[in-house]
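Letter by letter, the chains look like this.
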Amino acid sequence: MKKLVTLIILFFALTQSYLYSQELKANVSVNMDQIQFDSRQYVTSLKYDLENYINNQKFTDIEWEGPRIPVEISIYLTGSNRTYFSAQLIVISKRTIRGTDDEGHSIAMKFLDKNWSFEYQSGAMLSYNPTRFNEFTSLIDFYMLMVIANDLDTYGELEGSKYYDRAKQIIQMAASQNKSGYSINYQPGELTRYSIISEFSDPRYEPFRKAIFSYYVDGLDMMAENPEQAKKNIVRAIEDMADFKKNKLTSSSNFILLFFEAKAGEISQMFRGDTDNSIWKALLYLDPTNTMLYQEAMKAR
């Protein structure tokens, strides 16, 4: 009997290890409204093919602990020529918050990629090979590595560095082959694949990444047990971000833009009606795009 119990415990332990060995849990949606009817037959299984690829693939060489990262992937097919497609890609990742139930998630990052072209046929055998460019999987791999790196950064200071570097290698490989959409040349403030990863992987942005870590670990993760102290820590993290922008940057930042694009709603709701002007002053300086949102929250009572 004891032997049977031991085997059962071992089975469940192995099962749990397997369940959490991959890093991501993706949900994919595909919109075909804009493409020709005769091309739709080639992407009927794209949703399931891509979900199987991401959810059964290990993108890191570490033993992943805890639940997978929830990722929402939306593909809007904008044009087609039989098996060749143009599309827009939206990637939204979430971060599990400690002290909450399984539904306790915070939006971590949002990426919108407007110019994606690839060839595809339903039932494609997708394989992970970051050293070989593939017009479909390479862009997916890039964003999945970005999601993983960002998630790791929210649990440990700068822990995502290795995977930001791997994401950058994909962009550099594609650029060296003159692939469309992967140019290393861009104007200041221009949102491109290379401009994004250049900032995320730039050592100069390490203070900003450390502030993000504090926002989560000292702030959101503490909210359930000590909300007053957690909010003070979040204010301090955001003020650190403002100091970083003021003292370290000389031009606009895509990293800051993307962070607050994901966080503006959460932060404004968290501090809604708060009379502490320091938080609003920092937010308006860091994220002028969402000025109206912050002003409305600031005036709420």
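Residues numbered from 1 in each chain as written. Predicted model: local features only at pLDDT ≥ 70, side-chain atom pairs only at ≥ 80, totals over all residues. Heavy atoms only, no water.

**Here's the deal with the overall build of the protein**
Of regular secondary structure, the protein possesses 11 helices and 4 strands. For a compact globule of 301 residues, the expected C-alpha radius of gyration is about 19 Å, and the protein comes in at 21 Å, within 12% of that figure. In terms of principal-axis extent, the alpha carbons of the protein reach across some 70 × 55 × 35 Å. Here the protein, with 301 residues, has 47% of them falling under the buried criterion. The long-range share in the protein, meaning contacts at least 24 apart out of those at least 6 apart in sequence, stands at 69%. Surface exposure of the protein reaches about 15,600 Å², of which carbon and sulfur atoms provide 51%. Treating the 33 positive side-chain charges of the protein as one cloud and the 38 negative ones as another, the clouds have centres 1 Å apart. (Helix = DSSP H or I, 4+ residues; strand = E, 2+ residues; numbered from the N terminus. Rg over C-alpha atoms; globule rule 2.2 N^0.38 Å. Buried < 20%, exposed > 50% of the residue type's maximum accessible area, 1.4 Å probe, protein only. Contact = heavy atoms within 4.5 Å. Areas by Shrake-Rupley, 256 points an atom, 1.4 Å probe, with all protein chains shown as cover. Lys, Arg positive; Asp, Glu negative; His and termini not counted. Charge placed at Lys NZ, Arg CZ, Asp CG, Glu CD.)

**Comments concerning the confidence of the model for the protein**
On average, the protein scores 91 in pLDDT, and the residues at 70 or more come to 92%. Note on residues 1–20: pLDDT is under 50 here. Beyond four places in sequence and across chains, it has 8 contacts. (pLDDT = per-residue confidence, 0-100.)

**Overview of the packing of aromatic side chains**
A complete count under the given rule lists 23 aromatic pairs for this structure. Measuring from centroid to centroid gives 6.2 Å for Tyr53 and Phe59, while their planes differ by 85 degrees, and the two rings are edge-to-face. Each member of the pair, Tyr53 as well as Phe59, is classed as buried. The ring of Phe37 is capped by Arg40, whose NZ or CZ atom sits 4.1 Å from the centre of that ring. Of note, Lys245 hangs over the ring of Tyr285, and the distance from its end group to the ring centre comes to 4.7 Å. (Phe/Tyr/Trp six-rings, centres within 6.5 Å; stacked < 30°, edge-to-face > 60°. Lys NZ or Arg CZ within 6 Å of the ring centre and 35° of its normal.)

**Focus on the sheet that holds strand S4 (residues 105–119)**
Judged by pairing direction, the sheet is mixed, and its 4 strands sit side by side in the order S1-S2-S3-S4 without closing on themselves. A strand with exactly one partner marks an edge of an open sheet, and here the two such strands are strand S1 (24–31) and S4. Neighbour-to-neighbour, the strand axes of this sheet turn through a mean angle of 15 degrees, independent of strand direction. Sheet analysis places strand S3 (residues 84–96) next to S4, joined by 12 bridges and oriented antiparallel. (Pairing = 2+ DSSP bridges. Axes fitted to C-alpha atoms, helices over the stretch in contact; angles between N-to-C directions.)

**Some thoughts on the nonpolar core**
Judged by nonpolar contacts, the single largest core of 85 residues is most densely connected at Ile54, Ile73, Ile75 and Met144. Tallying contributions element by element places helix H4 (residues 137–153) first for this core, with 11 residues. (Core = buried A, V, L, I, M, F, W, Y, C linked by side-chain atoms within 4.5 Å.)

**Let's talk about the environment of Glu199**
Take Glu199: it is sitting in helix H6 (residues 193–200). Judged by relative accessible area, Glu199 falls into the buried class, the value being 13%. C-alpha of Glu199 to C-alpha of Gln88: the two residues are 111 residues apart in sequence and 22 Å apart in space. Setting aside chain neighbours within four positions, we find Glu199 in contact with Tyr205, Ser252, Ser253, Asn254 and Phe255. At 2.8 Å, the side chain of Glu199 forms a polar contact with the backbone nitrogen of Phe255. (Polar contact = N/O pair within 3.5 Å; in protein donor to acceptor, adjacent residues only side chain to side chain.)

**A look at the side chain of Ser195**
Locating Ser195 in the fold gives a position in helix H6. From its side chain, Ser195 meets the backbone oxygen of Glu190 in a polar contact 2.8 Å long. Every residue in contact with Ser195, bar those within four places of it in the chain, is listed here: Tyr186, Glu190 and Asn254.

**Comments concerning unusual backbone geometry**
Positive phi, normally seen in glycine, also occurs at Arg82, with a value near 55 degrees. The residue Arg82 is located in the loop between strand S2 (69–81) and S3 in this model. Phi at Leu158 takes a positive value of approximately 60 degrees, unusual for a residue other than glycine. Considering the arrangement of structural elements, one finds Leu158 in the loop between H4 and helix H5 (161–176).

**Remarks on the pairing of S2**
Taken together, the 8 bridges between S1 and S2 define a ladder with parallel strand orientation. Across the sheet, Lys25 pairs through a bridge with Pro70, a residue of S2. Note: S2 against S3, 10 bridges, orientation antiparallel. What sits directly across from Leu77, in S3, is Ala87.

**A few points about the pattern of salt bridges**
Tallied over the entire structure, the rule returns 13 salt bridges. Across the salt bridge formed by Asp221 and Arg95, the nearest N and O atoms sit 2.7 Å from each other. Remark: Arg95 occurs in strand S3 and Asp221 occurs in the loop between helix H7 (206–219) and helix H8 (227–248); sequence separation between them is 126 residues. Each member of the pair, Asp221 as well as Arg95, carries the same accessibility label: buried. We note a salt bridge from Asp153 to Arg209, for which the minimum N-O separation is 2.6 Å. (Salt bridge = Lys/Arg side-chain N within 4 Å of Asp/Glu carboxyl O.)

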